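# Understanding the architecture of this molecule
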Amino acid sequence: MVGDAIERAPVALPMVPAVSPGGEEIASVEATASGGRRCSLRWMGKERPYYGRRKVETGTKKQVVRKRAKLDFGKQVSEAPSASFQSGELVDLNTGGGLEGEAVLNGGGGNAVNGEGGDWDQTGPGKSAQARVKETLRAFNSHYLHFVQGEEQRCKQVEAKLSKVPKSSNPKRGGGCEEDVKRASKRPDLKAISKMIKMGTVLYPEKRIGHLPGIDVGHQFYSRAEMVVVGLHSHWLNGIDYMGQSYAKLEQYKGYKFPLAVCIVLSGMYEDDLDNSENIVYTGQGGHDLLGNKHQIRDQKMERGNLALKNSMENGLPVRVVRGHESASSYCGKIYTYDGLYKVGRYWAEKGISGFTVFKYQLKRLEAQPRLMTGQVRFTHAQAPTSFSELQGLVCPDISGGQEKFPIPVTNMVDDLPVAPIGFTYQKSLQVADNLKIPMNTVGCKCKGYCIDPRTCACARLNGSDFPYVHKDGGRLVEAKAVVFECGPNCGCGVDCVNRTSQQGLKYRLEVFRTPNKGWAVRSWDTIPSGAPICEYTGILRKTDDVENVSENNYIFDIDCLQTMQGLDGRARRPGDISFLTNFDDKKSEVPEYCIDAGSIGNVARFINHSCQPNLFVQCILSLHHDIKMAKIMLFAADTISPLQELTYDYGYALDSVVGSDGKIIKMPCYCGAADCRKRLY
């Protein structure tokens, strides 16, 4: 945490010349980089989604030498992207009621049967389809965590009621408590689906045949609900998604016999399923019990999804196939992988294993598609190593020298003479420059053991009378905020309090690895859920003016929380009111007063690279003190991050904002590879 400079023997390493931010190698630049700052995402020069109140700028402001950080890397938002088109009244997408497979819609566009013409922009000009998919999933996860938060609070209230009921009393006469206990399981994911349907923010609300733009073969979803909100498969429970009779009225579907299947989920629900990757024998829907034991208890009928698959075969239309696999990384116990388009070759009826009539459909994968990401019923996507013995190119078993909860290995499969990163001292905690003093003036809450009631916890009241985290998965931030007030040293709660989530060290196994064109990078061996804490950005806390003339140090992070809250220089504001902490009319607040210098001392965060489409975001946190100008800088997951996926955040450089000592603008190319890459880091 900021100012928590604990005494520890640092890991000393030899000094070598510094590299670019996150290890990005300097190439094709016009001058030696000087004065560059590691900073956060800006809206300037590129249209991006915005969910707050816009501040109208009266003029432009050119930046030179210093770039001001803006802490909104991950675009972690509480509202879904709003669509720019108007669809008709959405009756139901099979998430709670209505007729199965029916959705009364107007509009369309493009060749919906072939999945073409669908890359139209719903969420803003110039965005790639992949970016819109990511934004929709982020919106869903934000809604989901809000509902998880509400459910956790409801359960605490139930527990409080039950604690007041005498043990000797009859539980059947426990008043309203018994009913509350019976309602203990409310599905936050289904609530999130319903909210997005009501808001009209499902990405592809109209069902269509073929691939969906932005969802490539191999795309992973961590619940059925995620597939619903992007429109890949609009049933959160049924295995067959199809177009109902209402679609027969649309011009592009004239001549087709309805219903028509659009997507199936193969997840072992039926005892008669056979999966040999390229060829599938799929059991129709209906007739099985809902207890999860896969047994048939009645005959299936040729209706609904079963009839839709038959019609798709007769019309020669492809069907999307999604495979579900057991995984502890998902709250629903499964991960779902999109495996591409298949055609129904034939169907038949037979007596199943349990003696009841079932319909069977043989599907064959279409050619000229990316290779299968799944095979048989075994998930074969990128597998993280389980031990150091499985690591290739290991050059350092633990770059932290034992400071972190988990060792952080370093691998190098790129250089001819592989070496580990050198030239810095690893330090888990933030250090403070000799000429600075951290204020320790927080009062703290009076909670005991754990902070439970946001109405009585003083720290929760600072967060808008709510806790910013949920307990799920060891603590997840519900949404990005202007600032998060955590419990500190003067609070009565313990170290395991949920409102100390960012103070509990690494929660996931990380690896530093060498890349061909970006220098060093960081990835995780574990699946990281959205909102989960990654690490603090540590180094030496300094006054910004004290490092102004340091050349070739691109590991400086300006603490610009105050500037972000004011919406200066294109920064987007986040929810939260901290007007009680500072004077926004002070002219000094226009420039970050403090920064973190990780050039010679830092932790794993200094190796995290830039991306124009990042999977992390930055959050300001206050706990030891309430001086926003010296806030702790913490990185959180903006998305659910798969194992071995590189961790990235947007450095937020404004183009043409960095100049050299000779006054010339310095240009650095960007190698992030994102679909919406702006091609230059600055």
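The shown structure was predicted, so the numbers you read here are calculated from the model rather than taken from an experiment.

Cut-offs applied
Residues numbered from 1 in each chain as written. Predicted model: local features only at pLDDT ≥ 70, side-chain atom pairs only at ≥ 80, totals over all residues. Heavy atoms only, no water. Helix = DSSP H or I, 4+ residues; strand = E, 2+ residues; numbered from the N terminus. Contact = heavy atoms within 4.5 Å. Areas by Shrake-Rupley, 256 points an atom, 1.4 Å probe, with all protein chains shown as cover. Pairing = 2+ DSSP bridges. Disulfide = S-S within 2.5 Å. Buried < 20%, exposed > 50% of the residue type's maximum accessible area, 1.4 Å probe, protein only. pLDDT = per-residue confidence, 0-100. Salt bridge = Lys/Arg side-chain N within 4 Å of Asp/Glu carboxyl O.

With that out of the way, let us pick up the overall build of the protein chain. Per the secondary structure count, the protein chain includes seven helices and 28 strands. By sequence separation, contacts in the protein chain at least 24 residues apart represent 74% of the contacts at least 6 residues apart. Here the protein chain has roughly 29000 Å² of accessible surface; of this, 51% comes from carbon and sulfur atoms.

Turning next to the sheet that holds strand S20 (residues 533-536). In spatial order, the strands read S17-S26-S27-S20; together these four strands make up an open sheet with mixed pairing. Of all strands in the sheet, those with a lone pairing partner are strand S17 (484-485) and S20, marking the two edges. As defined by bridge partners, strand S26 (residues 616-622) adjoins strand S27 (residues 632-637) across six bridges and the pair is classed as antiparallel. Paired with leucine 616 across the bridge in S27 is alanine 637.

Inspection of the entire model under this criterion finds one disulfide. Shown here is the disulfide that connects cysteine 561 with cysteine 620, its sulfur atoms set 1.8 Å apart. Looking along the S-S bond of the cysteine 561-cysteine 620 disulfide, the torsion reads about -90°, which is the left-handed sense. In this pair, cysteine 561 sits in helix H7 (residues 561-566) while cysteine 620 sits in strand S26, placing the two residues 59 residues apart along the sequence. Side by side, cysteine 561 and cysteine 620 carry an identical accessibility label, which is buried. The thiol sulfur of cysteine 612 is not disulfide-bonded, and the nearest other cysteine sulfur, from cysteine 672, lies at 4.0 Å.

Across the protein chain, the average pLDDT comes to 77, with 71% of residues at or above 70. Every residue in residues 375-381 scores below 50 in pLDDT, and together they form 17 contacts with partners more than four places removed in sequence or on other chains.

Time to look at the sheet that holds strand S11 (residues 394-396). Sheet strands pair via backbone hydrogen bonds, and the direction of the pair is either parallel or antiparallel. In space, the four strands of this open sheet follow the order S11-S12-S18-S19, with mixed pairing throughout. Strands with a single pairing partner mark the edges of an open sheet, and in this sheet they are S11 and strand S19 (520-524). Sheet topology places S11 next to strand S12 (residues 410-411); two bridges connect them, and they run antiparallel. Looking at S12, one finds that leucine 394 is bridged to threonine 411.

Before going further, it helps to spend a moment on the environment of isoleucine 399. By the element assignment, isoleucine 399 lies in the loop between S11 and S12. In this structure the C-alpha to C-alpha distance between isoleucine 399 and proline 409, which are ten residues apart in sequence, comes to 6.2 Å. With near-sequence residues (within four places) excluded, isoleucine 399 lies in contact with Ile408, Val410, Pro421, Phe424, Tyr426 and Phe607.

Right, let's talk about the pattern of salt bridges for a bit. Throughout the structure, instances matching the rule amount to 18 salt bridges. For arginine 680, the salt bridge identified is with aspartate 656, shortest N-O distance 2.7 Å. Placement of the pair is arginine 680 in the segment after strand S28 (648-649) and aspartate 656 in the segment after S28, with a sequence separation of 24 residues. Judged by relative accessible area, aspartate 656 falls into the partly exposed class, the value being 26%. When salt bridges with common partners are traced through the structure, they connect Lys134, Arg138 and Asp639 into a single cluster.

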